[in-house]
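Chains, contacts and geometry: an overview
Listed below, chain by chain, are the residues.
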Amino acid sequence: MARAHLDRLIIDVPDYPEAGVVFKDITPLLADHVAFGSVVGALAQAGRDASGATVVDKVLGMEARGFILAAPVALELGAGFVPVRKAGKLPRATHSVSYSLEYGEATLEVHRDGISPGDRVLLVDDVLATGGTVAATRELVERCGGTCVGVAVLMELSFLPGRAAVDGLPLRALMTV
C-alpha cells in the first residue's frame, strides 16, 4: 500500500536545487493523511522484530525532510525522537561530522546527550543517495555511545552508491529508483 502512495504522490522536479539533479518532492505525500500514515507505518517496521515488538530506543531524523518522517515513526514505535541538524542549529554541546553530499558538502550535529550509551537507534530519512548523510549520522550515534540497528528511507537512488555507505546495517527502502 505504501509503495502505491509513493508512486502516485512523489513528484520529480528536474534541475533542483541545481542543474542535473532531479529532486523528489514529497510534499503531496505529506498532505495526504492516509498516504502519510501508510508510509509512517511502513518505515516503522524497520524498528520492529519479527514478532512486531519495538527494538529501538531512539529514532533519528536527518535535517530536514528526515524530521518530518522520523518524528511520527518514533511515536509509532513508542521511542524517542532525536533531530540531527546542520552545523550551528543546536543550542547545547554537540558532536559534529562533516561529509560529502550528492551535490556538495555538509556538517551534521547531534546533542551529546541526545543518545545515551547503549541506546539502539533507527536512522530515518527521505532519500538514500550517496550515503554520506547516513554514514555521518551513524558516526554521530557511535560517538554518543549508541548503536545503529537499521536505516529506513522512503526511497533509495540505485544509481548512486548509498547502499555501500550503509555498511552492513539493515536497510528498509520503500521505493528504489
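Coordinates for the structure precede this section.
Presented here is an overview of the structure given in this document. Quick caveat, the model's predicted, so the values are computed rather than measured. (Residues numbered from 1 in each chain as written. Predicted model: local features only at pLDDT ≥ 70, side-chain atom pairs only at ≥ 80, totals over all residues. Heavy atoms only, no water.)

By size, the foremost hydrophobic cluster in this structure holds 30 residues, and its most contacted members are L43, V59, V73, V124 and L154. Contributing elements (two or more residues each) for this core: helix 1 (2-9), helix 3 (33-44), helix 4 (65-77), strand 7 (120-128), strand 8 (147-156) and strand 9 (171-176). With six residues, helix 3 is the largest single contributor of residues to this core. Ignoring anything within four residues of it in the chain, the contact list for V124 reads L43, V59, L60, G61, M62, G66, L69, A70, V73 and A152. In this structure, A106, V121, V134 and V141 belong to the second largest nonpolar core, which totals 23 residues. (Core = buried A, V, L, I, M, F, W, Y, C linked by side-chain atoms within 4.5 Å. Buried < 20%, exposed > 50% of the residue type's maximum accessible area, 1.4 Å probe, protein only. Helix = DSSP H or I, 4+ residues; strand = E, 2+ residues; numbered from the N terminus. Contact = heavy atoms within 4.5 Å.)

Next up on the list: the pattern of salt bridges. Tallied over the entire structure, the rule returns 11 salt bridges. Of the charged contacts in the structure, one is a salt bridge between R8 and D32, with a shortest N-O distance of 3.7 Å. With R8 in helix 1 and D32 in the loop between helix 2 (27-31) and helix 3, this pair connects stretches of sequence that are 24 residues apart. The partly exposed category is assigned to D32, whose relative accessible area is 22%. The salt bridge partner of D113 is R92, with a shortest N-O separation of 2.9 Å. Separated by 21 residues along the polypeptide, D113 in the loop between strand 6 (104-111) and strand 7 and R92 in the loop between strand 4 (80-86) and strand 5 (94-101) bring together distant segments of the chain. (Salt bridge = Lys/Arg side-chain N within 4 Å of Asp/Glu carboxyl O.)

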